[in-house]
Amino acid sequence: MELRKLLLPGLMSVTLLSGCSWFSGEEDVVTMSPLPTVQNQFEPKKVWSTSVGNGVGDFYSNLHPTWADNTVYAADRHGTVKALNSGDGKEQWKVDLSEKTGFFSSNIPALLSGGLTVDNGRVYLGSERAQVFALNTSDGSIAWQTKAAGEVLSRPVVSDGLVLVHTSNGMLQGFDQLSGNVKWSVNLDVPALSLRGESAPASAFGAAIVGGDNGRVSAVMMNQGQIIWQQRISQPGGATEIDRLADVDTTPVVVNGVVYALAYNGNLTALDLRSGQILWKREIGSVHDMIVDAGRIFLVDQDDRVMALNTEGGISIWRQSDLLHRNLTSPVLYNGYLVVGDSEGYLHWMNTDDGRFVAQQKLDSSGFQTEPVVASDKLLIQSKDGEVYAITR
């Protein structure tokens with residue numbers, strides 16, 4: 001998973017190679033698994049593709065499209081945001097959020113990051129320049145723009161009249177959805193060294209549930225911005241600082257009063273929503289968001305093993321190990337199949353019952369870094385060079 005994450009020692013950024021063996025010594029070489037041979041049981045169809053600026057290049061970014069009301073919204077790192085017709089990919093509007101400097105000077109890139117969220121007629125997104133934008137879905141005009149406490153590396157989350165943003169310096173902030181005014185800020189603390197990426201919060205019953213770089217999961221009361229409980233799910237340990245990374249960068253999932261959370265060097269943990277008490281945990285680490293569906297947990301671990309576990313104790317159901325170190329995206333469920341992308345531009349389709357491959361599709365030469373998105377009957381995915389693809393089964 002090369003260039004998947006970056007380390008953040010204080011204010012410095014250092015490139016970090018991904019995978020469990022990233023840090024086991026210079027003599028260890030991480031080798032990408034060869035492309036598995038798959039006899040397609042069906043042929044996924046590319047409905048359309050369209051370019052959205054220049055993508056993210058070699059920078060780590062969690063930018064991915066979003067969708068609502070037959071419109072796809074996507075952006076590139078420089079500042080281009082487009083609205084596309086979900087049926088044919090044709091552009092409906094386009095805006096440029098980069099900063100204008102002068103007639104003869106190049107614009108300053110907006111450094112958009114963290115993905116887009118659409119809700120109630122507005123598109124919300126953040127940037128590495130600590131800006132949060134709300135755009136009108138009708139024409140892309142800026143409804144409001146507000147300064148955040150730090151870099152916005154995860155997607156904004158809208159709930160209870162608030163836009164929730166988790167910044168790189170450990171602040172969880174609640175912005176008024178209509179005005180963009182800061183309603184409250186909570187300091188979740190960050191260690192001296194952490195991965196470059198932040199957990200997007202989940203919301204349930206008036207609480208925001210979010211992972212932190214300190215190895216803790218926190219529940220925050222949204223109407224007041226007060227911490228309800230905190231629970232450590234990853235304990236720093238090991239001989240080196242890198243071994244002691246404890247980040248919880250994945251978005252928690254809340255189902256039936258249980259919070260499922262996943263740490264990088266720690267555990268897959270089930271917590272009681274009301275108290276934060278640990279119900280069970282398994283030694284599995286990841287930086288990928290997971291799926292909880294119909295009593296099963298689907299995830300991709302640090303070494304790109306794809307696996308399914310049950311929600312009652314995290315017992316393994318199946319494990320697919322033929323995609324090791326192919327720099328997989330987070331998984332998505334689409335039309336009854338589990339789908340992941342990889343850094344060589346392939347989509348891999350798996351049977352959810354046993355993890356066997358059912359289809360494979362090459363789409364893009366620049367590769368994929370962020371997970372596919374389900375948009376009604378289509379599957380959307382954005383490549384590193386900014387091409388957005390719409391796929392159907």
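Remember, predicted model here, so these are calculated numbers, not experimental data.

Caption draft 1: Spotlight on the pattern of salt bridges. This model, assessed by the stated rule, comprises nine salt bridges. Residue Arg 305 pairs with Asp 301 through a salt bridge whose shortest N-O separation is 3.2 Å. What makes Asp 301 buried here is its relative accessible area of 8%. When the shortest N-O distance is used, the salt bridge between Lys 378 and Asp 377 registers 3.5 Å. Residue class for Asp 377 comes out partly exposed when judged on its relative accessible area of 44%. The network of salt bridges with shared partners includes Asp 301, Asp 303 and Arg 305.

Caption draft 2: Molecular detail of the side chain of Ser 383. Mapped onto the secondary structure, Ser 383 falls in the loop between strand 33 (378-382) and strand 34 (387-392). For Ser 383, a relative accessible area of 3% gives the class buried. Looking at Ser 383, its side chain comes within polar contact range of the side chain of Asp 385, at 2.4 Å. In this structure Ser 383 touches Asp 364, Ser 366, Gly 367, Phe 368 and Tyr 389, once residues within four positions along its chain are discounted.

Caption draft 3: A look at unusual backbone geometry. Although it is not a glycine, Asn 327 adopts a positive phi angle of roughly 55°. Within the secondary structure, Asn 327 sits in the loop between strand 27 (316-320) and strand 28 (332-334). With a phi close to 50°, Asn 335 is a non-glycine residue in the positive phi region. By the secondary structure assignment, Asn 335 is in the loop between strand 28 and strand 29 (337-341). The class of Asn 335 is partly exposed, set by a relative accessible area of 49%.

Rules behind the numbers
- Residues numbered from 1 in each chain as written.
- Predicted model: local features only at pLDDT ≥ 70, side-chain atom pairs only at ≥ 80, totals over all residues.
- Heavy atoms only, no water.
- Salt bridge = Lys/Arg side-chain N within 4 Å of Asp/Glu carboxyl O.
- Buried < 20%, exposed > 50% of the residue type's maximum accessible area, 1.4 Å probe, protein only.
- Helix = DSSP H or I, 4+ residues; strand = E, 2+ residues; numbered from the N terminus.
- Polar contact = N/O pair within 3.5 Å; in protein donor to acceptor, adjacent residues only side chain to side chain.
- Contact = heavy atoms within 4.5 Å.

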